[in-house]
Amino acid sequence: MIKNYFKVAFRNFWRHKLFTLINVIGLSIGISAALVIYLLVHYDFTFDKFHKDGDRIYRVVTNFSFSGSPGNNPGICGPLPWAVKNEATGLQQAAPIFRLSQPNVTVPNGSKASSRFKIQDNVIVADSDYFKLFEYKWLAGSAKTALIAPYQVVLTSEQAEKYFPGVSYDRMLGRTVVYDTMRTTVTGIVQTIKQNSDLVFHDFISFPTAFSDPSIKQQLRLLNWGGVSPDYQFFVKLTPQATVANIEKQINDIEKRNYKGRPGVTEEFMLQPLADIHFNPIYGTFNGRVADKTTLLELSGIALFLLLLGCINFINLTTAQSAQRAKEIGIRKTMGSSRKQLVFQFISETFLLTLTAVVISAAIAPVILKFFGGFIPVGVQTSTIVQPNVVLFLALLTIIVSLASGFYPAMVLSGYKPISVLKNQAGKGQETRKALFRKSLTVAQFAIAQFFIMATILVSKQIYYALHKDLGFKKDAILIINSPWKNRQERLNQVLLNKFKAIPQVDMISMGRDAPTSDDSHSTEATYKDGKKEIKMEDLSLKFGDENYIKVYNIKLLAGRDLIPGDTSKAFLINNTLAKRIGFKDPHDAVGKVISKFNGDKDMQIVGVVADFNQESIHAPISSLAIMTSTNFYFNGTFHIALKPQTANGNEWKTAISSMEKAWKQIYPEDDFEYQFFDESIARLYANEQNTVSLLNWATGLSILISCLGLFGLTIYTTTQRTKEIGVRKVLGATVTQIVVLLSTEMAWLIVLAFVIVTPVAWWAMNKWMQNFADHTAISWWIFALSGGGMLLTALFTSGFRTIKAALENPVKSLRSE
């Protein structure tokens, strides 16, 4: 019997090849989207799920309040881990770690030249408790002895093979690895973590080293309760009986007993679950990438909608064709088939189509992942489809889609009565209900498609607005070059500055820190007093630059004078927002006034007021800002270079960059030359939105394609069913235009109805999304008009060929066939 079911199914597919193709394409698109998004969602939600007792592992983080202004830091103060280990109860393990700042690694090779590895990330200082808290497989050495003495290091297998290629793990023990100038001895090799994890460390230097090495000791500030560093973090594992609230209370009580705090500043330690690290942007991760649960849910919604569109196509086309299989059903029932058997027959046909679509989707998924490689994590791109969880997902998806698409058509088809079928009266009483159901599904299809169109247009409009808005400064033809952090010297930078100035294509150079708009920020507290009132500012943003800073960026000076070298530590520029905040509507009135308690203890004079400009992306509002000079190499190590305009099709900028690289190598021969154009760095601030647009473009295109394929199939069915009516109308004098209008009017009304339904929903969703931006474009009426009109024209174009062909048919042929 099963063999017969499949034989009938294939015979039916072959008889209706076009409808079969439409159904397979629609389902393949939906299933492909579901598969790719499942891989992405599964990838992010499996981070650090493999650790034993992971639900009891936490990171200790710090929450601040600066006179009411909140702050957050994933790090802790120096003495805290040791005090907690000694005094707190309810902890099974406690492990502090400290991440080194991108050391250069040298591996001596005996008589051969040493191997050098520049700027190694994820090198940490840790103790043996780290390997008790997070279990690793040891390939050489032992957790008990590997990190107990100063200047010992444990390597992951992948890193060890990079440092010592071709050497067995056992022979690596005792070898030397030098981090900048610190010599360490390899005492252990652990297996590189293969599962998804934010614990991406690969070099583990023993914590006793921190007590012996002056550089690390100074950075850790092991006796300073008042300093917190994001590179110094603390993980704890609770006992089964311990509670989070109790451990947090103990940790905060320990700090209070040892540190009285600072005036106006409160801090509180909190336990962050290990599973939360991958998704929490407040504290961040170690690899820089934080997944967004909201985005993952939105992606899941897109996949669900595309899958739903494919299912709607199948239901519509199958129920529309039901009359053509009525006699087959009547004969089957007359020969003794039960309704249950018929339902199984039609479900099996749906299953075969769905299985075909799943196979196609699995085949093209790697291509899709590669195509979207720009914003899909590498771990997802390299994942294979042949995994137990993926196979299980596809199996469940096949069953669910088969039932969702096939159950209703199966119930309709199996419900025909044999007597009515054989009298050519099959389903006539149900046809109106079936037509209404099909129309409802068609309206749902076009509503989803129009929602995607509206969302795509608005997001694109907002990104265009962000990239082309007057941000208050010049952003074109400006290069930003950071001098090397480790080897940075004021004398060398000055020599390099003079070499850059000598390049003909350079117009002007400024030395400072951040560009006017960047994702890096610095702030401090200050107070303004005018005798009547006192205005405290806990969130005064800072920019650092020399006397050429506002000239390079063409920032408008509203009042006063520009900065001069002698202004360091005693005078600065402020923006108009700050001038208004301290009570001056006219910026000229603010010049000469003094801001006191700047950074706690300094008095700074306002020597000029500049026009407002966006200091961050337009997600954030313009804040109070001061621009000042600095002699600190940290705030004075970035070159801001304005280039002269280049001729059409010229290569002047390319020549200038080449000259800068040569000058760079003369001053910093050991460091790589890196640069970025300022306008490109601004565009990167909106990378998430640009990725969203790309996804929406594809979702919109696919939803329109699926909807139009379904519409094309229904148009073929409708014109075929109304062949006799069209012939009679033409005989009675109807023109081709009248017949085309007649056949298209009903479809047009369905699209208009979908537009009416989806417009308020889309407006609400867009308005909600716009709230993420402090400055945004308007939700214009033409967005809705364009999407509705575009959808209508697309649908008319899709169905037009078939309706015009039907209207042009010779009525004699159509009536003769009847």
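Residues numbered from 1 in each chain as written. Predicted model: local features only at pLDDT ≥ 70, side-chain atom pairs only at ≥ 80, totals over all residues. Heavy atoms only, no water.

## A look at the nonpolar core
Here comes step 1: Membership of the largest hydrophobic core comes to 47 residues, with the highest contact counts inside it found for Val 60, Leu 80, Leu 155, Tyr 163, Tyr 179 and Val 236.
Here comes step 2: Broken down by element, this core gets its largest block of residues, 4 residues, from strand β12 (residues 232-238).
Here comes step 3: Judged by nonpolar contacts, the second largest core, of 37 residues, contains Ala 303, Leu 307, Phe 314 and Val 358. (Core = buried A, V, L, I, M, F, W, Y, C linked by side-chain atoms within 4.5 Å. Buried < 20%, exposed > 50% of the residue type's maximum accessible area, 1.4 Å probe, protein only. Helix = DSSP H or I, 4+ residues; strand = E, 2+ residues; numbered from the N terminus.)

## Quick word on the pattern of salt bridges
Here comes step 1: Evaluation of the coordinates by the stated rule reveals 15 salt bridges.
Here comes step 2: Put simply, Lys 85, Asp 127, Asp 129 and Lys 132 are held in one network by salt bridges that share partners. (Salt bridge = Lys/Arg side-chain N within 4 Å of Asp/Glu carboxyl O.)

## A closer look at empty space enclosed by the protein
Here comes step 1: Here the structure, examined in full by the defined rule, presents 3 cavities of 30 Å³ or more.
Here comes step 2: Each pocket or cavity is described by its volume, and for the second largest cavity that value is around 40 Å³.
Here comes step 3: Ile 76, Gly 78, Phe 98, Gln 219, Leu 220, Arg 221, Gly 227, Val 228, Ser 229 and Tyr 232 together form the lining of the second largest cavity.
Here comes step 4: For the lining of the second largest cavity, a count of residues per class yields 5 nonpolar, 4 polar and 1 charged. (1 Å grid on protein atoms, 1.4 Å probe; cavity = no way out; pocket = protein on both sides within 12 Å on 5 of 7 lines; lining within 4 Å. Points joined across faces, edges and corners; volume = space filled by probe spheres on them. Nonpolar A, V, L, I, M, F, W, Y, C, P; charged D, E, K, R; others polar.)

## Observations concerning a nonpolar patch on the surface
Here comes step 1: A contiguous nonpolar surface patch, about 240 Å² in accessible area, is contributed by Phe 351, Leu 355 and Val 359.
Here comes step 2: Tracing the sequence through the fold places Val 359 in helix α12 (residues 339-371). (Patch = residues over 30% accessible without salt bridge, like charges linked within 9 Å, V, L, I, M, F, W, Y side chains within 5 Å. Areas by Shrake-Rupley, 256 points an atom, 1.4 Å probe, with all protein chains shown as cover.)

## Some points on the packing of aromatic side chains
Here comes step 1: Following the criterion strictly, the structure yields 35 aromatic pairs and no others.
Here comes step 2: A ring pair is formed by Tyr 130 and Tyr 136, whose centres lie 6.1 Å apart and whose planes are at 40 degrees; its orientation type is tilted. Neither residue differs from the other here; Tyr 130 and Tyr 136 are each classed as buried. (Phe/Tyr/Trp six-rings, centres within 6.5 Å; stacked < 30°, edge-to-face > 60°.)

## Digging into the side chain of Asn 575
Here comes step 1: With respect to the secondary-structure elements, Asn 575 resides in strand β19 (residues 571-575).
Here comes step 2: Filtering out sequence-adjacent residues up to four positions away, Asn 575 remains in contact with Val 609, Val 610, Asp 612, Gln 615, Ile 622, Ser 623, Ser 624 and Leu 625. (Contact = heavy atoms within 4.5 Å.)

## Description of helix α3 (residues 80-87)
Given 3.6 residues per turn, any residue in an α-helix points the same way as the ones three and four places further on.
Here comes step 1: When α3 is considered as a whole, its buried residues turn out to be Leu 80, Pro 81, Ala 83 and Val 84. One side of α3 carries all its buried residues, which in axial view fall inside an arc of 165 degrees. (Arc of directions from axis to C-beta.)

## Regarding the environment of His 42
Here comes step 1: Looking at the element boundaries, His 42 is found in helix α2 (residues 17-45).
Here comes step 2: Relative accessible area serves as the criterion here: at 28%, His 42 is assigned to the partly exposed category.
Here comes step 3: Taking the C-alpha atoms as reference points, His 42 and Val 390, 348 residues apart in sequence, are found 9.3 Å from one another.

## Here's the deal with unusual backbone geometry
Here comes step 1: Even without being a glycine, Asp 53 presents a positive backbone phi close to 55 degrees.
Here comes step 2: Structurally, Asp 53 is set in the loop between α2 and β1 (57-66).
Here comes step 3: When its relative accessible area of 26% is taken as the criterion, Asp 53 is described as partly exposed.
Here comes step 4: In this model, Ile 119 sits at a positive phi of 45 degrees, which is unusual for a non-glycine residue.
Here comes step 5: Looking at the secondary structure, you find Ile 119 in the loop between β5 (112-117) and β6 (123-126).
Here comes step 6: Given a relative accessible area of 44%, Ile 119 falls into the partly exposed group.

## Here's the deal with the state of the cysteines
Here comes step 1: In the structure shown here, the tally under the stated rule is 0 disulfides.
Here comes step 2: Cys 311 provides the cysteine sulfur closest to Cys 708, a residue in no disulfide bond, and the two sulfurs are 18 Å apart.
Here comes step 3: Judged by its relative accessible area of 9%, Cys 708 is buried. (Disulfide = S-S within 2.5 Å.)

## Thoughts on the pairing of strand β11 (residues 203-206)
Here comes step 1: Neither face of β11 is open: one carries Asp 203 and Ile 205, the other Phe 204 and Ser 206, and all of them are buried.
Here comes step 2: Sheet topology note: the β6/β11 ladder contains 4 bridges and is parallel. Across the sheet, Ile 124 pairs through a bridge with Phe 204, a residue of β11.
Here comes step 3: By the bridge criterion, 3 bridges tie strand β8 (residues 152-156) to β11 in an arrangement that is antiparallel. (Pairing = 2+ DSSP bridges.)

## Concerning the confidence of the model for the protein
The predicted coordinates ought not to be read in detail in places where the model reports low pLDDT.
Here comes step 1: Averaged over all residues, the pLDDT of the protein is 84; the fraction at 70 or higher stands at 91%.
Here comes step 2: Averaged pLDDT values for the elements of the protein fall to 56 in helix α15 (residues 418-422) and rise to 95 in β8. (pLDDT = per-residue confidence, 0-100.)

## Overview of the layout of surface pockets
In this approach the atoms are scanned with a rolling probe the size of a water molecule, which exposes any empty space left behind.
Here comes step 1: Computed from the structure, the second largest pocket encloses a volume of approximately 1500 Å³.
Here comes step 2: As for the second largest pocket, its lining consists of 41 residues, of which Phe 98, Val 228, Ser 229, Pro 230 and Asp 231 are closest to the centre.
Here comes step 3: Tallying contributions element by element places helix α8 (residues 214-220) first for the lining of the second largest pocket, with 4 residues.
Here comes step 4: Here the residues of the lining of the second largest pocket sort into 15 nonpolar, 17 polar and 9 charged.

## Description of the pairing of strand β10 (residues 182-190)
Here comes step 1: Where burial is concerned, most of β10 is hidden: 7 out of the 9 residues are buried.
Here comes step 2: Relative to β10, strand β7 (residues 138-140) runs antiparallel, the two being bridged by 2 bridges. Across the sheet, residue Ala 140 finds its bridge partner in β10, namely Ile 189.
Here comes step 3: The pairing of β8 with β10 spans 5 bridges and is classified as parallel. The residue bridging Leu 155 from the neighbouring strand is Ile 189, located in β10.
Here comes step 4: Looking at chain direction, strand β9 (residues 176-179) and β10 are connected through 4 bridges and run antiparallel. Within β10, the position partnered with Tyr 179 by the bridge is Met 182.

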